[in-house]
Amino acid sequence: MKKKLVSLLMCAAMVSSMGLGVFAAEETEAAADNSDITIGSVIMNNSGEWFAEVIKGQEDAAADLGINFSMVSSDNEISKESDNVATFMAQGVDALVISPLAVDASVAAIETATKDAGIPVVTWNTTVNTDVTSHVGVVPAELGGNTGKYAAEYIKENFPDGCKIALIENSNYEIGIQRCEGFKAELQELIDDGTVEIVNEQDAELQEEGLDITEQILTANPDVQMIWCWNQTSLLGCAAALQNAGRSDIVLMGTDMSVELAKDMQGEDITLQAITTQMPYDMGYQAVENAVKAVKGEEVEAEIMIPTYTYTKDNMDEIQTYIDEHEDLVG
């Protein structure tokens, strides 16, 4: 826990404006020999607090290491991702850090760096079906599975007559699919014995989609007793829909904490019971750190797995600590 809090405290210094673009990191004596290194970063999108933490981690790493650093967003578009990578290759960056949009569709773009340009590529968060220098992420099935473990015990304790569950899922990204599989795997025993009935499963990614899908679920299944969401933005949308509908009787769980969600957990308007979260700041920082090591010919771990943590409504002290350490993110 101490390690987690130290990591999160690093996020608290984030400034409220986080523009994307090129900046020359301030040289320090320790990092002066890195001043000729240029790293290009391609992110999926820059929406939401989760990506804000990743961005902050990458920018802090660039500043600490004294490198030149440039970041662009693909806005969830494969064609734009390909163009972003091609632009970085034309600029002659020394390494690329990227969260690929798709395991197969992103291969061609990444291989323009690994095979055509012959430079190191570090992926983070999401993977791709081609060789890269290093990957920084979490075990997606564990991210969903840890919430599933908590949900299974919660259901046994609070729903002795059975529980009807709706799932807001993802079928576009491999990590999303694995999160959903991990969550359901932990409930399988309860599903098999009839304690848990999954009454609705639909895809949503962004906040507005999460809100719309939740409204559809409430209309189709007004007797639903629990909803689980696979990512932060769909969870935010679901929470808003439940609040609008006055459905504090429905237990909500999901993935990836934010300040807004933490405050929802503190309140009584909805029953946001549990959130399993990653450490996005660490993920961003270590991705850039690994890229610099690779450029310098230093040993780089092929895979770094960041631990996850589950916040629950049962522990208000931890939730308040999260808010205190992250409020600057939403300034």
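Residues numbered from 1 in each chain as written. Predicted model: local features only at pLDDT ≥ 70, side-chain atom pairs only at ≥ 80, totals over all residues. Heavy atoms only, no water.

The chain has the name Substrate-binding domain-containing protein in an unreviewed UniProt entry, where Candidatus Limivivens merdigallinarum is given as its organism.

## Quick word on the overall build of the chain
Helix and strand counts for the chain come out as 11 helices and 13 strands. Evaluated residue by residue, the chain yields a buried proportion of 55% over its 331 residues. A fraction of 75% describes how many contacts in the chain between residues 6 or more apart in sequence connect residues 24 or more apart. For the chain, the computed accessible surface area is about 13700 Å², with 46% contributed by carbon and sulfur atoms. (Helix = DSSP H or I, 4+ residues; strand = E, 2+ residues; numbered from the N terminus. Buried < 20%, exposed > 50% of the residue type's maximum accessible area, 1.4 Å probe, protein only. Contact = heavy atoms within 4.5 Å. Areas by Shrake-Rupley, 256 points an atom, 1.4 Å probe, with all protein chains shown as cover.)

## Observations concerning the packing of helix H2 (residues 48-65) against helix H10 (residues 280-295)
For the pair H2 and H10, interaxial distance at closest approach is 7 Å and the crossing angle is 35°. As for how H2 packs across H10, the hand of that crossing is right-handed. Along the contact surface, H2 presents Trp50, Glu53, Val54, Lys56, Gly57, Gln58, Asp60, Ala61, Ala62, Asp64 and Leu65, while H10 presents Pro280, Tyr281, Met283, Gly284, Tyr285, Val288, Glu289 and Val292. Here the contact of H2 with H10 is composed, by residue class, of 11 nonpolar, three polar and five charged. (Axes fitted to C-alpha atoms, helices over the stretch in contact; angles between N-to-C directions. Left-handed = near helix turned anticlockwise from the far one by under 90°. Nonpolar A, V, L, I, M, F, W, Y, C, P; charged D, E, K, R; others polar.)

## Here's the deal with the pairing of strand S5 (residues 121-124)
Side chains of S5 alternate between two faces, with Val121 and Thr123 and Val122 and Trp124 buried alike. Pairing of strand S4 (residues 95-98) with S5 involves three bridges; the strand directions are parallel. Paired with Leu96 across the two strands is Val121, which belongs to S5. For the crossover from S4 across helix H4 (residues 107-117) to S5, the handedness is right-handed. Relative to strand S6 (residues 134-137), S5 is paired through three bridges, and the arrangement is parallel. By the bridge assignment, Val122 is partnered in S6 with Ser134. (Pairing = 2+ DSSP bridges. Right-handed = clockwise from strand over helix to strand, strands pointing away.)

## Some remarks on the side chain of Gln58
Along the chain, the position of Gln58 falls in helix H2. Classification of Gln58 by relative accessible area gives buried; the value is 0%. Non-local contacts of Gln58, meaning those with residues more than four positions away in its chain, are made with Ser41, Phe69, Met71, Val97, Trp124, Gly284, Tyr285 and Val288.

## Focus: the packing of aromatic side chains
Taken as a whole and judged by the stated rule, the model has 10 aromatic pairs. For the ring pair Tyr309 and Tyr311, a centre distance of 5.1 Å and an interplane angle of 75° mean the geometry is edge-to-face. With relative accessibility at 22%, the residue Tyr309 sits in the partly exposed group. What makes Tyr311 buried here is its relative accessible area of 2%. Feature note: the residues Trp50, Phe51 and Trp124 constitute an aromatic cluster, connected by ring pairs. (Phe/Tyr/Trp six-rings, centres within 6.5 Å; stacked < 30°, edge-to-face > 60°.)

## Quick look at the sheet that holds strand S13 (residues 309-312)
Here six strands make up an open sheet; going across it, the order is S8-S7-S9-S10-S11-S13 and the pairing mixed. Each of the sheet's edge strands pairs with one partner strand only, and the pair in question is strand S8 (196-203) and S13. Strand-to-strand twist in this sheet, taken as the mean axis angle between neighbours without regard to direction, amounts to 15°. Relative to strand S11 (residues 271-277), strand S10 (residues 251-255) is paired through five bridges, and the arrangement is parallel. Bridge assignment links Leu252 to a residue of S11, and that residue is Leu272. On the sheet, helix H9 (residues 259-266) packs against S11 and S13 and is oriented at approximately 140° with respect to S11.

## Focus: the pattern of salt bridges
Under the definition given, this model contains 12 salt bridges. The partner of Asp75 in a salt bridge is Lys80, and the shortest N-O contact between them spans 2.4 Å. A relative accessible area of 35% places Asp75 in the partly exposed class. As a salt-bridge pair, Lys164 and Asp223 come within 2.6 Å of each other at their nearest N and O atoms. Linking Lys164 in strand S7 (residues 163-169) with Asp223 in the loop between helix H7 (207-220) and strand S9 (226-229), this pair joins segments that are 59 residues apart in sequence. What emerges from the salt-bridge pattern is a single network uniting Asp33, Lys296 and Glu298. (Salt bridge = Lys/Arg side-chain N within 4 Å of Asp/Glu carboxyl O.)

## Quick look at helix H6 (residues 174-192)
Between its first and last C-alpha, H6 extends 26 Å over 19 residues, near the 27 Å set by a 1.5 Å rise per residue. Along H6, the sharpest kink reaches roughly 45°, centred on Glu186. Within the span of H6, buried status applies to Ile175, Gly176, Arg179, Cys180, Gly182, Phe183, Leu187 and Leu190. Trailing H6 by a residue or two, Gly194 shows a phi angle of about 85°, which is positive. (Expected span 1.5 Å × (residues − 1). Bend = angle between axes of the 7 residues up to and from the residue.)

## Digging into the nonpolar core
Across soluble globular proteins, nonpolar side chains have a tendency to be buried as a group. Core analysis: the largest hydrophobic core is formed by 54 residues, its most contacted members being Ile39, Trp124, Ile155, Met226 and Met253. Not counting chain neighbours up to four residues away, the residues in contact with Met226 comprise Ala151, Tyr154, Ile155, Phe159, Cys163, Lys164, Ile165, Ala166, Ile250, Val251 and Met253. Residues Ile217, Ala239, Ile275 and Ile323 belong to the second largest nonpolar core, which totals 28 residues. (Core = buried A, V, L, I, M, F, W, Y, C linked by side-chain atoms within 4.5 Å.)

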